[in-house]
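Coordinate analysis (summary)
So you can see what is in the structure, the chains are spelled out below.
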Amino acid sequence: MELRHLEHFVAVAEEGSFTRAAARLHLVQSTLSVSVRSLERELGGKLFNRTTRQVELTDAGRALLDEARTALAAVDAARDAVAAAQGGVRGTVNVGIMHSLALIDLAATLTHYHRERPQVQIIPSTAPGGSAELVTRVLDGSLDLAFTALPGVYPAGVTQRLLASEPLLLACPEGHPLAEHSVIPLVDLDGERFVDFPVGWGTRASVDRLFTRGGLRREIAVEVADIPTVVDLVRAGFGCAFVSASLTSGTRADTLAMRPVQPAPRFEVSLVTATQRRPSAAARALIDLVLATHATPQDDDSKA
């Protein structure tokens, strides 16, 4: 069994597609297929069920996936140890980021990191499913760490450290009845129409949680996975929206009425890592830098 065969198998399992896995690995698809078939012959079992539309793990494939990730992680740790002994940190760090991270200066942190560790490649990625999907990807090992904004308790298996927090404001068109208030009681929003982000996004989860706790309901008129479009739809009268100063930076939100709500949902940016998985030396260095730069005093309350 060769390491490259395990790497190829994990890529196909995570992508759910030989085509996407080949692109990720910079291989031609035929080479990837031959590699996976060689691994199947070596193990004496079929690892994938292949159809014209999708690729799914068999029971044997699911059994192998965690072990393959563990084996590859062990190899990475060995490489890290040698690199550290030779005076340099190398490798790749996969980082999950939200569509808006203006609440913390991540660009400055990454610039600092690159200056000190130029041989490390950082690969940032977003997720259509928002913070919830980023947390799932940390759990399954496809991300080394992620910046997320889920409210409340995070799922078992991850450690969450709060980095920054701000209240969400209610955005509504100028001239809307709610714009006449300096502070809006949450109960006054019962039954109101909203433009909101998809389920799984941190701001959506925070608002849903607050309304549920208050026994209130709201109508989601439009779901949009794009912050400037949310602002534009509120301006056009499709509904109100919960946003914040950092989320709307660079948009035309100054044309809207932005009012505080009491009690207010919050936008909380956290660093999320896997509790039981040892990070590589490169990932550990980035985690330490982020915490040294951004962690709040409430970080003592991190959740696992």
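Everything that follows concerns the structure shown earlier in this document.
Residues numbered from 1 in each chain as written. Predicted model: local features only at pLDDT ≥ 70, side-chain atom pairs only at ≥ 80, totals over all residues. Heavy atoms only, no water.

Side note on the sheet that holds strand E4 (residues 120–125)
One open sheet accounts for five strands, arranged E4-E3-E5-E14-E6; its pairing is mixed. Every interior strand has two partners, whereas the edge strands, E4 and strand E6 (158–167), have only one. Going from strand to strand, the sheet's axes swing by 20 degrees on average, the running direction of each strand aside. In terms of strand pairing, strand E5 (residues 145–148) meets strand E14 (residues 266–274) through three bridges, oriented antiparallel. Bridging across to E14, Thr-148 finds its partner in Ser-270. Packed on one face of the sheet, helix H6 (residues 130–140) meets strand E3 (91–96), E4, E5, E6 and E14 and runs near 165 degrees to E5. (Pairing = 2+ DSSP bridges. Helix = DSSP H or I, 4+ residues; strand = E, 2+ residues; numbered from the N terminus. Axes fitted to C-alpha atoms, helices over the stretch in contact; angles between N-to-C directions. Contact = heavy atoms within 4.5 Å.)

What about the pattern of salt bridges?
In a structure, side chains of opposite charge can pair up when their charged atoms sit close to one another. Across all of its chains, the model carries 15 salt bridges by this definition. Residue Arg-24 is joined to Glu-14 by a salt bridge in which the shortest nitrogen-to-oxygen separation is 2.6 Å. Separated by 10 residues along the polypeptide, Arg-24 in helix H2 (residues 18–25) and Glu-14 in helix H1 (residues 3–15) bring together distant segments of the chain. Looking at Arg-24, the relative accessible area reads 38%, which means it is partly exposed. (Salt bridge = Lys/Arg side-chain N within 4 Å of Asp/Glu carboxyl O. Buried < 20%, exposed > 50% of the residue type's maximum accessible area, 1.4 Å probe, protein only.)

As for the packing of aromatic side chains
A complete count under the given rule lists five aromatic pairs for this structure. For the ring pair Phe-18 and Phe-48, a centre distance of 5.9 Å and an interplane angle of 70 degrees mean the geometry is edge-to-face. Placement of the pair is Phe-18 in helix H2 and Phe-48 in strand E1 (residues 48–50), with a sequence separation of 30 residues. On the basis of relative accessible area, Phe-48 is assigned to the buried category, the value being 1%. (Phe/Tyr/Trp six-rings, centres within 6.5 Å; stacked < 30°, edge-to-face > 60°.)

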